[in-house]
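This is what each chain is made of:
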Protein chains: 2
Amino acid sequence: MLKSAPQKDTSFSAELDFIRKLFRKHGLKLTQQRLEILRAVRESGDHPSAEEVYRRVRPVLPTVSLDTVYRALMMFERIGAISRVEILDDRTRFESNTDPHHHLVCVVCRGIEDFPCPAADRIKPPAAGKWGKVLSNHLELRGVCRSCLAKQVGG
Amino acid sequence: MLKSAPQKDTSFSAELDFIRKLFRKHGLKLTQQRLEILRAVRESGDHPSAEEVYRRVRPVLPTVSLDTVYRALMMFERIGAISRVEILDDRTRFESNTDPHHHLVCVVCRGIEDFPCPAADRIKPPAAGKWGKVLSNHLELRGVCRSCLAKQVGG
DNA sequence: CTAGGTGCAAACAATTTGCGCGCGT
DNA sequence: ACGCGCGCAAATTGTTTGCACCTAG
């Protein structure tokens, strides 16, 4: 438990250098708030909503406000540090995975799981070149996840 | 111009029988409002927001309220008469195309175009069966459409 | 007739913004 | 020291709801 620096911090601090440069590059100030907000999204690797991020940083930054979280998240998205996911019937979520990937969404528990899919990445609009310039592909498979499926059978 | 009954009405009235049955089946009343709201989505074949639908029915139903539009749209979705699309950074949109299909979204003009894609329909989560039960596949290609691309080059 | 539907206005929830002080650079 | 960023609270926007009257079946 006390072996060394906390695990979570270790992995994140490795990114600190990169983050610092990124901020510098965009002429942005690296504040404690921004750092913690970014950490809340990047360390977990999941898909928190703005509210959820707010909840996560409160223990560390008790005075932080929800609007600061919003502002920071939007700013991070602008500079490419995180990306946002919009899921049917739900509020906007954020994620640290900025590589091309796709989502499995459980319509019961609203859980989101990432998965890579080169086949989906490769798909182009029909009559290639006729539509315009494609920037990204995002495939969303909606359904019921394993654990919700198990619960339903019993309920 | 006066050749016959208005074109638009012709195609929609062909669906009237189907609509009527669908409503009956669900024990719903077919009111003038609902009919016009449904028409506003189905006749255009595009992807209007609730606000846009409201705007479209106002000329025909000057007293209709936005909340009636919302209620009707949600109800139509429930009974499968239309489906909803959620696009990044934008309000919910509705569409009459309830067959499996995918979307080309222009990030500049926010326009949405449908396209069929059997390849995308066939994609399954990795480690098949491990995630749960997939109900639908939706691929969203984001980019800049032809006409916005043309404008950008000039600007 | 009578339950379900409508319009109005108000409630709600998520997100955005104006403002004056504080802190990172 | 300067100016961006912060927290507060209030404004906006999209959507939902309670209620009394109305209308399709």
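Structure first, text after, so check above.
Residues numbered from 1 in each chain as written. Chains lettered and ligands numbered in written order. Predicted model: local features only at pLDDT ≥ 70, side-chain atom pairs only at ≥ 80, totals over all residues. Heavy atoms only, no water.

Caption draft 1: Spotlight on the packing of aromatic side chains. Residues and elements named next belong to chain A. Applying the stated criterion across every chain, the model contains two aromatic pairs over all chains. Consider the rings of Phe23 and Phe76, whose centres lie 6.0 Å apart with planes at 55°: the pair is tilted. Here Phe23 is found in helix α1 (residues 7–25), whereas its partner Phe76 is found in helix α4 (residues 66–79), with 53 residues between them in sequence. The pair Phe23 / Phe76 is uniform in exposure class, with both members buried. (Phe/Tyr/Trp six-rings, centres within 6.5 Å; stacked < 30°, edge-to-face > 60°. Helix = DSSP H or I, 4+ residues; strand = E, 2+ residues; numbered from the N terminus. Buried < 20%, exposed > 50% of the residue type's maximum accessible area, 1.4 Å probe, protein only.)

Caption draft 2: Representation of a nonpolar patch on the surface. On the surface, Val107(A), Val108(A) and Leu135(B) cluster together into a nonpolar patch covering about 240 Å² of accessible area. With respect to the helices and strands, Val108(A) occurs in the loop between β3 (102–106) and β4 (112–115). (Patch = residues over 30% accessible without salt bridge, like charges linked within 9 Å, V, L, I, M, F, W, Y side chains within 5 Å. Areas by Shrake-Rupley, 256 points an atom, 1.4 Å probe, with all protein chains shown as cover. Salt bridge = Lys/Arg side-chain N within 4 Å of Asp/Glu carboxyl O.)

Caption draft 3: Region of interest: the sheet that holds strand β3 (residues 102–106) of chain B. Strand order in this open sheet of six strands is β4(A)-β3(A)-β5(A)-β5(B)-β3(B)-β4(B), and the pairing throughout is mixed. Both outer strands of the open sheet, β4 of chain A together with β4 (112–115) of chain B, are each paired with one neighbouring strand and no more. Shown here is a sheet whose adjacent strand axes are inclined to one another by a mean of 25°, direction ignored. As paired elements, β3(B) and strand β5 (residues 132–145) of chain B share four bridges and run parallel to each other. Note that in β5(B) the partner of Leu104(B) across the bridge is Leu141(B). (Pairing = 2+ DSSP bridges. Axes fitted to C-alpha atoms, helices over the stretch in contact; angles between N-to-C directions.)

Caption draft 4: A look at the protein's contact with DNA strand D. Residues in close proximity to DNA strand D total 20 residues, the closest being Thr31(A), Arg34(A), Thr68(A), Tyr70(B) and Arg91(B). Backbone atoms, meaning sugar plus phosphate, form 64% of the atoms of DNA strand D positioned within 4 Å of the protein. Note that a phosphate oxygen of DNA strand D is positioned 2.7 Å from one of the side-chain N or O atoms of Thr31(A). Here Tyr70(B) contributes a side-chain N or O atom positioned 2.3 Å from a phosphate oxygen of DNA strand D. (Near = heavy atom within 4 Å. Polar contact = N/O pair within 3.5 Å; in protein donor to acceptor, adjacent residues only side chain to side chain.)

Caption draft 5: Representation of the pattern of salt bridges. Residue and element names in this part refer to chain A. Applying the stated criterion across every chain, the model contains 20 salt bridges over all chains. A salt bridge links Arg39 to Glu36, with the nearest nitrogen and oxygen atoms 3.0 Å apart. Here Glu36 and Arg39 lie together in helix α2 (residues 32–42), a separation of three residues that amounts to about one turn. Owing to a relative accessible area of 16%, Arg39 belongs among the buried residues under this scheme. Assessed through its relative accessible area of 7%, Glu36 is described here as buried. In this structure, Arg55 engages Glu52 in a salt bridge whose closest nitrogen and oxygen atoms are separated by 2.4 Å. Taken together, the residues Arg55 and Glu52, both in helix α3 (residues 50–57) and three residues apart, mark about one turn of the helix. Three or more residues are tied together by salt bridges with common partners; here these are Asp46, Glu52, Arg55 and Arg56.

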